[in-house]
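Commentary on secondary and tertiary structure
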Amino acid sequence: MSPGRLPSELTSHLGYWMRMVSNHVSQAFARKVEAHGVTVAEWVLMRQLFGEERLAPSRLAERMGMTRGAVTKLADRLIAKSLLIRSADPEDGRAQTLALTSAGRALVPELAALADANDAEFFGRLPPGDREALLRILREIVEQRGIRLTPVD
């Protein structure tokens, strides 16, 4: 910084405003899903499994940008809540797969509705064109930066 020049204000940075909005959106959603007995990370794993009969933990880890160990910890918590089952892979008995239980499969649409409501709560007042532009810009940044990690907290 050159002498006599003041440092930039926090509020002059886009990252400040993105973090401000992101924190509030994320915290509000976390409270909503926690009222249904799951964390945001658990919800993300469940949503990844929803359209699948079963998936290997390694495949889930790849999709979510997480380590296999992190996926295993999430799976263990969901198994303890009777929302997920772990079983031998029918094609390779040495490998394991994960699948939603009927209770887990029934919970996913409820949690998705909460995600939709949370989005509407925070972004519903934006004119459709602004919302589409914001989504496009954020997706472009993700693509340009090669961001692959699924946000779970």
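Look up a bit, the structure's there.
Since the model is a prediction, treat every value here as computed from it, not as a measurement.

Topic: helix α6 (residues 128-145)
Spanning 18 residues, α6 covers 26 Å between terminal C-alpha atoms, matching the ideal 26 Å at 1.5 Å per step. The first or second residue beyond α6 is Gly-146, which carries a positive phi of 65°.

Some words on a nonpolar patch on the surface
A cluster of nonpolar side chains, namely Leu-14, Met-18, Leu-126, Leu-134, Ile-137, Leu-138, Ile-141, Val-142 and Ile-147, defines an oily patch on the protein surface of about 730 Å² accessible area. Where the nonpolar patch is concerned, the elements lending two or more residues are α1 (14-34) and α6. With 5 residues, α6 is the largest single contributor of residues to the nonpolar patch. Relative to the helices and strands, Ile-147 is located in the segment after α6. Given a relative accessible area of 42%, Ile-147 falls into the partly exposed group.

Focus: the packing of helix α3 (residues 57-64) against helix α4 (residues 68-80)
It is at 8 Å that the axes of α3 and α4 come closest, and there the two elements cross at 110°. In terms of orientation, α3 and α4 fall into the roughly perpendicular class. Across from Pro-57, Ser-58, Leu-60, Ala-61 and Met-64 in α3, the residues of α4 making contact are Arg-68, Val-71 and Leu-74. Of the residues contributing to the contact of α3 with α4, the split by class is 6 nonpolar, 1 polar and 1 charged.

Description of the packing of helix α2 (residues 40-50) against α4
With their axes 10 Å apart at the nearest point, α2 and α4 run at an angle of 95° to one another. Between α2 and α4, the angle falls in the class roughly perpendicular. The residues of α4 that touch α2, namely those facing Ala-41, Glu-42, Leu-45 and Met-46, are Val-71, Leu-74, Ala-75, Arg-77 and Leu-78. Broken down by class, the residue content of the contact of α2 with α4 amounts to 7 nonpolar, no polar and 2 charged.

Description of the pairing of strand β2 (residues 92-100)
Relative to β2, strand β1 (residues 84-89) runs antiparallel, the two sharing 6 bridges. What sits directly across from Ala-88, in β2, is Gln-96. Following β1, the chain reverses through 2 residues before pairing antiparallel with β2.

Concerning the nonpolar core
Grouped together as the largest cluster of nonpolar side chains are 29 residues, with contacts concentrated most on Val-38, Leu-45, Met-46, Leu-49, Leu-60, Met-64 and Leu-84. Examining the composition of this core, we find that 7 residues originate from one element, α2, more than from any other. Contacts of Leu-45, omitting those with residues within four sequence positions, involve Leu-60, Met-64, Val-71, Leu-74, Ala-75, Leu-78 and Leu-84.

With respect to the packing of aromatic side chains
The full count for this structure, using the stated rule, is 2 aromatic pairs. Note on Tyr-16 and Trp-17: the rings are 5.0 Å apart at their centroids and 90° apart in plane angle, and the pair reads as edge-to-face. With relative accessibility at 28%, the residue Tyr-16 sits in the partly exposed group. For Trp-17, a relative accessible area of 43% gives the class partly exposed. Ring geometry for Phe-29 and Trp-43: centres 6.3 Å apart, planes at 70°, overall edge-to-face. With a gap of 14 residues between them, Phe-29 in helix α1 and Trp-43 in helix α2 connect regions that are remote in the sequence. No difference in accessibility class separates Phe-29 from Trp-43, as the two residues are buried. For the cation-ring pair, Arg-105 lies above Phe-50, with the distance from its terminal atom to the ring centre recorded as 5.6 Å.

What counts, and at which threshold
- Residues numbered from 1 in each chain as written.
- Predicted model: local features only at pLDDT ≥ 70, side-chain atom pairs only at ≥ 80, totals over all residues.
- Heavy atoms only, no water.
- Helix = DSSP H or I, 4+ residues; strand = E, 2+ residues; numbered from the N terminus.
- Expected span 1.5 Å × (residues − 1).
- Patch = residues over 30% accessible without salt bridge, like charges linked within 9 Å, V, L, I, M, F, W, Y side chains within 5 Å.
- Areas by Shrake-Rupley, 256 points an atom, 1.4 Å probe, with all protein chains shown as cover.
- Salt bridge = Lys/Arg side-chain N within 4 Å of Asp/Glu carboxyl O.
- Buried < 20%, exposed > 50% of the residue type's maximum accessible area, 1.4 Å probe, protein only.
- Axes fitted to C-alpha atoms, helices over the stretch in contact; angles between N-to-C directions.
- Parallel < 35°, antiparallel > 145°, perpendicular 65-115°, else oblique.
- Contact = heavy atoms within 4.5 Å.
- Nonpolar A, V, L, I, M, F, W, Y, C, P; charged D, E, K, R; others polar.
- Pairing = 2+ DSSP bridges.
- Core = buried A, V, L, I, M, F, W, Y, C linked by side-chain atoms within 4.5 Å.
- Phe/Tyr/Trp six-rings, centres within 6.5 Å; stacked < 30°, edge-to-face > 60°.
- Lys NZ or Arg CZ within 6 Å of the ring centre and 35° of its normal.

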